[in-house]
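Topology and contacts: notes
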Amino acid sequence: MAEAPPFPRSPLPSAASAASAPETGADGSAPAGPRRPAWQRLSTWLPAAAVAACAGVVLGFYGVSVTDLVLFSVYVTFGLALPGLLWVRLLYRRPRGLPEEVALGLTFGYALEVLASLLGRVAGVPLLVAVWPLGTYALFLAVPRLHRHWKGAPRPNRASLWWSWGLALGVICLIGWTAADRFGVPLAPAGPLDERAWSIQAHLAAAALTGIDPLVLHSRLAMLPMLAALVVLLGSAGRRVIGTWAGALGALAATVLVAAPSLYRGAAGVFAWEPVQSWSSPARTFGALLFVPVVLLVVDLLGDRRQTRGRWVFLAVMLVAVMGAQATYLPLLAGGLVAVVAVETVRWFGLPRRALAALGLTTVFLAVAQAGGRSPAAGPIMRETLGRLTGLGDEAPAPAALLGVALLLTLCGAITWCGAFGLVSRPQLLLRPPVVLVLGMSATGLLLGLLLGDPHFLEGPYPYLAMVAVHGLILVVRRARLPLRSVLLAAGTGVLAAYLVRVLCDVEVPLGRGEDIVLLYLPYLALLGVVLLIVLALLAARSGGRRTFALVICLVTAAGTPAAWFAGVTPGMAPSPLVEVRDVPVSAIP
């Protein structure tokens, strides 16, 4: 059997592809342009300077000394980002912009730091963690063939300035969000972290060698470079999946502002997604950050024609780091790769050897994680959700009630990521390996989350599902040629419909004593009835099937996250999805 060919890099319809040709080349990058003046080259650094200035002002305002800030900046730059960047240029060769390259270098530096820290613990030499950056510098200075990696390859895919500012504003918003939510709390002694999250423990232990107070590291400094790299890499992943800069920013916004549909009074929704940028859980954010390069690399392995052996070394190192940070990502990746292998085999009557190799490597590390007890323990998410909605407490729920909660969880996800259904209008795009990979990860996460009861399986794939949802939403709106006013009208109708359903059904959770559990399904049935009535009205008005489909997708999407945020700022409706207040001691935060 022949090997399945790489997928084409242009995911949008032909007209849109032609319109966006300058930003998409054969390898996913734009052609090199003429050399720009010095002032224009300097202006590209303004977004990064704005982020650095904002971080410095916020940290200084909340008591971080200049000495600690300088020491941490030097450590992150020369102990993590620069040596990691050199290895990325050697192992993961691909034309890319400088922000993505630096973020990849920082993330790979985290992974190598974790491995060096663990080896140092085993050998009884804690300072071994300082050897890998020094050894990297010595190697890349001593070997003449490696000198070119200090400068890097030409950058044909120069991003526009508004893209850089969009990423910078995203990081600045996260810094301000965190400062308002977390930094006002007085510092308290930090206790031991979750023993399963040994990657973040190894990083904090290595960073503590700078002499900075571990409490300041844990509560103020450690998360900032992680958040910045996470924003940049998620934007790059969205660019790979969607194919446009604007779509990637939309997917990034959907990831950061994710919120489940809120159709009850007194609750944020059936299921409250914990965002990946959670300052209260560094282990969660660290695991999410380490997993993004894995997704990027797998997408490139499936799409790029020319491959190097160094990419497989890069993938193996990142999988080891993911195994120690958040092992739940490994079965998700395995499920997505199984879906890619199945679809590509049936579609091309050939085995996708790269996908099979990546699946085999993932399976090996998954088996190691299982043998080492790194997989998270099962948690009763459906029982806890049912207890929160009904107030049953520790009472044993009926199987039918648990099945109903599973249906509600699935329905909430379908509403939130309704835009993914827009890809049905172009089946050839629905079968692209990146889309199949994401849908396979999402289906695996849903299945494992409901069977094992662990919310990490449900939350892990959602940043990538947001990319597919935005991709489908953009596609269906373009194919229907909807004007902006129609899109805004449909979105406003969706938010209004969710609000009216919440007010008229008037279901408050937890349910009162003696109230039937069937009331939990009433708002969702009412929303379904509203959507069906609107569909019938559009068809009666002869709007056309394509236009009706696009308007309904916009309406249902708006009934998810936008309506949840609207409910959060409406008095008496529901708590804001921005913050979930928990009385948890700092020492108990993993």
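These numbers were taken from a predicted model, which means no experiment stands behind them.

1. Description of the overall build of the protein
In terms of regular secondary structure, the protein is built from 26 helices and 0 strands. Out of the 590 residues in the protein, the part that is buried amounts to 52%. Of the accessible surface of the protein, which amounts to about 25700 Å², a share of 70% is contributed by carbon and sulfur atoms.

2. Some details on the nonpolar core
Residues F291, V294, F314 and Y464 are the most contacted members of the largest nonpolar core, which totals 131 residues. With 15 residues, helix α13 (residues 282-303) is the single largest residue contributor to this core. In this structure F314 touches V88, L91, Y92, L104, F108, P293 and L297, once residues within four positions along its chain are discounted.

3. A look at the state of the cysteines
Joining two cysteines, a disulfide is a covalent bond between their sulfur atoms. Taken as a whole and assessed by the stated rule, the structure comprises 0 disulfides. Unpaired in terms of disulfides, C173 finds its nearest cysteine sulfur in C54, a separation of 8.9 Å. A relative accessible area of 53% means that C173 is categorised as exposed.

4. Brief notes about the pattern of salt bridges
With the rule as written, the count across this model stands at 6 salt bridges. Residues R94 and D300 are paired through a salt bridge, measuring 3.4 Å at the closest nitrogen-oxygen approach. Of the two residues, R94 is situated in the loop between α4 (66-91) and α5 (98-123) and D300 in helix α13; the sequence distance between them amounts to 206 residues. On the basis of relative accessible area, D300 is assigned to the buried category, the value being 0%.

5. Focus: the packing of helix α23 (residues 484-505) against helix α25 (residues 545-558)
With their axes 7 Å apart at the nearest point, α23 and α25 run at an angle of 45 degrees to one another. The angle between α23 and α25 places the two elements in the oblique class. The two elements α23 and α25 meet at a crossing, and its hand is right-handed. Of the residues in α25, those in contact with S486, V487, A490, A491, T493, G494 and V495 of α23 are R547, L551, C554, L555 and A558.

6. Notes on empty space enclosed by the protein
Under the defined criterion, the tally for this structure stands at 5 cavities of 30 Å³ or more. Lining the largest cavity we find E274, V276, R284, Q326, T328, Y329, L332, H456, E459, G460 and Y462. Of the residues assigned to the lining of the largest cavity, the class counts are 4 nonpolar, 4 polar and 3 charged.

7. Concerning helix α3 (residues 46-61)
An ideal rise of 1.5 Å per residue puts 22 Å on 16 residues; α3 measures up with 22 Å between its terminal C-alpha atoms. Along α3, the residues that are buried comprise P47, V51, C54, A55, V58 and L59. Across the axial projection of α3, the buried residues extend over an arc of 120 degrees, all falling on one side. Turned more than 90 degrees away from the buried face of α3, the exposed residues are V57 and F61. Immediately beyond the C-terminal end of α3, within one or two residues, lies G63, with a positive phi of roughly 95 degrees.

8. Comments concerning the packing of helix α24 (residues 522-540) against α25
At a minimum axis distance of 10 Å, the contact between α24 and α25 shows a crossing angle of 155 degrees. Taken together, the axes of α24 and α25 lie roughly antiparallel to each other. In this structure, α24 crosses over α25, and the sense of that crossing is right-handed. For the pair α24 and α25, contact is made by V531, I534, V535, L538 and L539 and by T548, L551, V552, L555 and V556, respectively.

9. Regarding helix α8 (residues 161-183)
A turn of α-helix holds 3.6 residues, and therefore any two residues three or four places apart point the same way. A rise of 1.5 Å per residue sets the reference length of α8, with its 23 residues, at 33 Å; its end C-alpha atoms lie 31 Å apart and thus fit the reference within 8%. Of the positions making up α8, those classed as buried are W163, S164, L167, A168, V171, L174, I175, W177, T178, A179 and F183. Residues of α8 that are buried sit in contact with α3, α10 (214-221), α11 (223-242) and α12 (245-256).

10. Some thoughts on the side chain of T416
Within the secondary structure, T416 sits in helix α18 (residues 399-416). Overall, the relative accessible area of 5% leaves T416 in the buried class. Polar contacts involving the side chain of T416 include one to the main-chain carbonyl oxygen of C412, which spans 2.8 Å.

11. Structural notes on the packing of aromatic side chains
Using the criterion set out here, one finds 11 aromatic pairs in the structure. Measuring from centroid to centroid gives 4.7 Å for F108 and F314, while their planes differ by 15 degrees, and the two rings are stacked. Here the residue F108 occupies a position in helix α5, and F314 occupies one in helix α14 (residues 309-325), the gap between them amounting to 206 residues. The pair formed by F108 and F314 is uniform in burial state, with each residue classed as buried. Ring geometry for Y264 versus Y524: centroids 5.9 Å apart, planes at 70 degrees, classification edge-to-face. With Y264 in the loop between α12 and α13 and Y524 in helix α24, this residue pair connects regions lying 260 residues apart in the sequence. Given a relative accessible area of 5%, Y524 falls into the buried group. Taken together, the aromatic side chains of Y92, F108 and F314 make up a single cluster linked through ring pairs.

12. Topic: the confidence of the model for the protein
Of the residues in the protein, 82% have a pLDDT of 70 or more, and the chain-wide mean is 82. Confidence scores differ between elements of the protein, with helix α1 (residues 14-19) showing the lowest mean pLDDT of 36 and α4 the highest of 95. Here residues 10-33 is a poorly scored stretch, pLDDT under 50, and it has 43 contacts once near neighbours within four places are set aside; other chains count. For the stretch residues 578-590, pLDDT sits under 50, and the model shows 23 contacts to residues farther than four places along the chain or on other chains.

13. Quick look at unusual backbone geometry
Residue P510 is reached from V509 by a cis peptide bond, and omega for that bond is 0 degrees. Relative to the helices and strands, P510 resides in the loop between α23 and α24. With a phi close to 55 degrees, R542 is a non-glycine residue in the positive phi region. Mapped onto the fold, R542 is located in the loop between α24 and α25. By relative accessible area, R542 is classed as exposed at 78%.

14. Details of the environment of G63
Mapped onto the elements, G63 comes out in the loop between α3 and α4. Given a relative accessible area of 65%, G63 falls into the exposed group. Between the C-alpha atoms of G63 and R220, which are 157 residues apart in sequence, the distance is 9.3 Å.

15. Re a nonpolar patch on the surface
On the surface, a cluster of nonpolar side chains totalling about 380 Å² of accessible area is made up of V66, V70, V74 and F78. Mapped onto the elements, V74 comes out in helix α4.

16. Section: the environment of V468
Tracing the chain through its elements places V468 in helix α22 (residues 462-480). For the pair V468 and W417, spaced 51 residues apart in sequence, the C-alpha to C-alpha distance is 8.3 Å. Those residues in contact with V468, other than ones at most four positions away along the chain, are V241, A420, L423, V435, V438 and L439.

Rules behind the numbers
Numbering of residues starts from 1 in each chain and follows the order in which that chain's sequence is written. Reporting of local features is limited, given that this is a predicted model, to residues whose pLDDT is at least 70; pairs of side-chain atoms are given and counted only at 80 or more, and all residues count toward the totals for whole chains, interfaces and linings. Each side-chain value is derived from all of the structure's non-hydrogen atoms; neither hydrogens nor water enter the calculation. Helix and strand definitions here come from DSSP, where helices need a minimum of 4 consecutive H or I residues and strands a minimum of 2 consecutive E residues; each element is numbered from the N-terminal end. Remark: exposure states derive from per-residue accessible area (1.4 Å probe, protein chains only) relative to the maximum for the residue type, with buried under 20%, exposed over 50%, and partly exposed in between. Only the protein chains shown count as cover for residues, with accessible areas throughout obtained via the Shrake-Rupley method and a probe of 1.4 Å. Take the buried residues of types Ala, Val, Leu, Ile, Met, Phe, Trp, Tyr and Cys, join any two whose side-chain atoms come within 4.5 Å, and each joined set is a nonpolar core. For this analysis, residues touch if any pair of their heavy atoms sits within 4.5 Å. Whenever a pair of cysteine sulfur atoms sits within 2.5 Å, that pair is classed as a disulfide. We count a salt bridge whenever a side-chain nitrogen from Lys or Arg sits within 4 Å of a carboxyl oxygen from Asp or Glu. Note on geometry: axes are lines fitted to C-alpha atoms, helical ones only across the stretch in contact, with angles between N-to-C directions running from 0 to 180 degrees. The scheme is simple: roughly parallel for angles under 35 degrees, roughly antiparallel for over 145, roughly perpendicular for 65 to 115, oblique for anything else. Handedness of a crossing is defined here by the sense of rotation of the near helix relative to the far one, left-handed for an anticlockwise turn of less than a right angle and right-handed for a clockwise turn. Of the two site types, the cavity is a set of points on a 1 Å grid over the protein atoms alone where a 1.4 Å probe fits but cannot get out, and the pocket is an open set with protein on both sides within 12 Å along at least five of seven lines, each lined by residues with an atom within 4 Å of a point. Grid points are joined across faces, edges and corners, and a volume is the space filled by probe spheres set on the points. We call Asp, Glu, Lys and Arg charged. Ala, Val, Leu, Ile, Met, Phe, Trp, Tyr, Cys and Pro are nonpolar, and the rest, Gly among them, are polar. A helix is expected to reach a length of 1.5 Å times the quantity of its residues less one. When we speak of the arc, we mean the arc of directions from the helix axis to the C-beta atoms. For this analysis, a polar contact is any N or O atom pair within 3.5 Å, provided that within protein one partner can donate a hydrogen and the other can accept it, and provided that sequence-adjacent residues contribute only side-chain to side-chain pairs. Here is the rule: rings of Phe, Tyr and Trp (six-membered ring for Trp) pair when centre to centre is within 6.5 Å. Planes less than 30 degrees apart are stacked, more than 60 are edge-to-face, and the remainder are tilted. By definition, pLDDT measures how confident the predictor is in each residue, and it falls between 0 and 100. What goes into a patch is any residue over 30% in relative accessible area without a salt bridge, connected to like charges within 9 Å or, for nonpolar side chains (Val, Leu, Ile, Met, Phe, Trp, Tyr), within 5 Å.

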